[in-house]
Amino acid sequence: HLSLRLQTVADFVQPGARLADIGSDHAYLPVYLAEKGLLAKAVAGEVVRGPYENAVSEIKKEGLDNVIMARLADGLAAIKPEDQIDTVTIAGMGGTLITKILDDGADRLRHQERLILQPNVGEDNVRRWLQEHLYGIIAERILAEDGHIYEIIVADPVETPTTFSETQLKFGPFLLREKSPVLQDKWRKEQARLDDVIATMQRAQHAPKEKIDAFINQRNQIQEVVL
Ligand code: SAM
């Protein structure tokens, strides 16, 4: 049984996939998919020894050593050419770390992989990276679980890049079209945070007007675009 967050990531892994789950921790995602018979092969990559050992013992406990290989490696260095990986999942990290992992390991990608990314913050960085590296977003999900809101971005390699506007990169092109209550909830919270920042700055003696205006613009953009 997976969290709704990881279940939603799992839903985009195609049956028979050759998966690399980077930052796998307990390897819950590949273990779940392998138990359902949905994986041809998987690599569970971890850069930290503790989580790597969690992955090793979970895989062993479930008797899945023949399908899933845990590897102690930094980012995409866990992937070897002979793995013929066709799906990469990176979940539960900041968007900046996810794009750093993709940049640092660019030579490990064949531009044939589906990327299923779940940034905890900084989703716009992830979308911008995808656009700049010829990955087309095919789906986005937003969900609430345990008091957190999570976004999942799914991308496949493309020949022709889609250029998104700054607004689409920020809010998500698919999420904007759908405008779900969870999306509105997420941005209503951000709006409330910005309102606090603006009020604090307006009370301060020397807050520069341009800075205050920039925050007011951000606040108004949320109002116009999502609410
Ligand atoms: N992916 C799992 C999930 O979504 O539930 C675990 C998320 S956990 C919060 C983030 C994991 O990423 C940690 O176990 C951390 O050690 C690992 N990690 C961070 N940077 C990494 C990197 N450069 N390469 C591999 N793993 C990394």
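**Focus on the environment of Asp86**
Alright, step 1. Summarising the element assignment, Asp86 is placed in the loop between strand E3 (68-72) and strand E4 (87-93).
Alright, step 2. The exposure class assigned to Asp86 is partly exposed, which follows from its relative accessible area of 27%.
Alright, step 3. Spatially, the C-alpha atom of Asp86 lies 31 Å from that of Lys179, the residues being 93 residues apart in sequence.

**Some points on the site of the ligand**
Alright, step 1. Residues in close proximity to the ligand total 16 residues, the closest being Arg5, Gly23, Glu46, Asp74 and Gly75.
Alright, step 2. The contact in question runs from a nitrogen atom of the ligand to an N or O atom on the backbone of Gly23, over 2.7 Å.
Alright, step 3. Side-chain polar atom of Asp74 to a nitrogen atom of the ligand: 2.8 Å apart, as the coordinates give it.
Alright, step 4. With the chains in place, 77% of the 600 Å² that the ligand exposes on its own is no longer accessible.
Alright, step 5. Of all the secondary-structure elements, those providing two or more residues to the shell around the ligand are helix H1 (4-10), E4 and helix H4 (95-104).

**So, the environment of Gly95**
Alright, step 1. Note on placement: Gly95 falls in helix H4.
Alright, step 2. Along the chain, Gly95 and Gln118 lie 23 residues apart, while their C-alpha atoms are 8.1 Å from each other.
Alright, step 3. Each residue touching Gly95, except ones within four places of it in the same chain, is listed here: Pro119, Val121, Gly122, Asn125 and Val126.

**Considerations on empty space enclosed by the protein**
Alright, step 1. Using the criterion set out here, one finds one cavity of 30 Å³ or more in the structure.
Alright, step 2. Roughly 60 Å³ of internal volume is contained in the largest cavity.
Alright, step 3. Lining the largest cavity are Arg127, Leu130, Gln131, Leu134, Tyr135, Gly136, Ile137, Val158, Pro161, Thr162 and Phe164.
Alright, step 4. Elements supplying a minimum of two residues to the lining of the largest cavity: helix H5 (123-132) and strand E6 (135-145).
Alright, step 5. Taken together, the residues of the lining of the largest cavity sort by class into seven nonpolar, three polar and one charged.

**Observations concerning the pairing of strand E1 (residues 17-22)**
Alright, step 1. E1 sits mainly inside the fold: five of its six residues count as buried.
Alright, step 2. Here E1 pairs with strand E2 (residues 39-46) via six bridges, running parallel. Bridge pairing in E2 links Ile22 to Gly45.
Alright, step 3. For the crossover that starts at E1, traverses helix H2 (residues 28-35) and ends in the parallel E2, the hand is right-handed.
Alright, step 4. As judged from the four bridges shared by E1 and E4, these two strands associate in the parallel manner. When the sheet's bridge partners are listed, Ile22 is paired in E4 with Ile90.

**Observations regarding the pattern of salt bridges**
Alright, step 1. Scanning the model with the defined rule gives 17 salt bridges in all.
Alright, step 2. In this structure, the salt-bridge partner of Lys186 is Glu123, at a minimum N-O distance of 3.1 Å. Placement of the pair is Lys186 in helix H8 (residues 181-203) and Glu123 in helix H5, with a sequence separation of 63 residues.
Alright, step 3. Here the salt bridges do not stand alone but share partners, grouping Glu123, Arg127, Glu140, Glu151 and Lys186 into one network.

**A word on the sheet that holds E6**
Alright, step 1. Taken in spatial order, the seven strands make up an open sheet running E3-E2-E1-E4-E5-E7-E6, and their pairing is mixed. Only two strands of the sheet have a single neighbouring strand rather than two, namely E3 and E6. With direction set aside, neighbouring strand axes in the sheet form an average angle of 15 degrees.
Alright, step 2. Where strand E5 (residues 114-119) meets strand E7 (residues 148-157), three bridges bridge the pair, whose relative direction is antiparallel.

Thresholds applied
Residues numbered from 1 in each chain as written. Predicted model: local features only at pLDDT ≥ 70, side-chain atom pairs only at ≥ 80, totals over all residues. Heavy atoms only, no water. Helix = DSSP H or I, 4+ residues; strand = E, 2+ residues; numbered from the N terminus. Buried < 20%, exposed > 50% of the residue type's maximum accessible area, 1.4 Å probe, protein only. Near = heavy atom within 4 Å. Polar contact = N/O pair within 3.5 Å; in protein donor to acceptor, adjacent residues only side chain to side chain. Areas by Shrake-Rupley, 256 points an atom, 1.4 Å probe, with all protein chains shown as cover. Contact = heavy atoms within 4.5 Å. 1 Å grid on protein atoms, 1.4 Å probe; cavity = no way out; pocket = protein on both sides within 12 Å on 5 of 7 lines; lining within 4 Å. Points joined across faces, edges and corners; volume = space filled by probe spheres on them. Nonpolar A, V, L, I, M, F, W, Y, C, P; charged D, E, K, R; others polar. Pairing = 2+ DSSP bridges. Right-handed = clockwise from strand over helix to strand, strands pointing away. Salt bridge = Lys/Arg side-chain N within 4 Å of Asp/Glu carboxyl O. Axes fitted to C-alpha atoms, helices over the stretch in contact; angles between N-to-C directions.

Distances and angles like these do not, on their own, reveal function.
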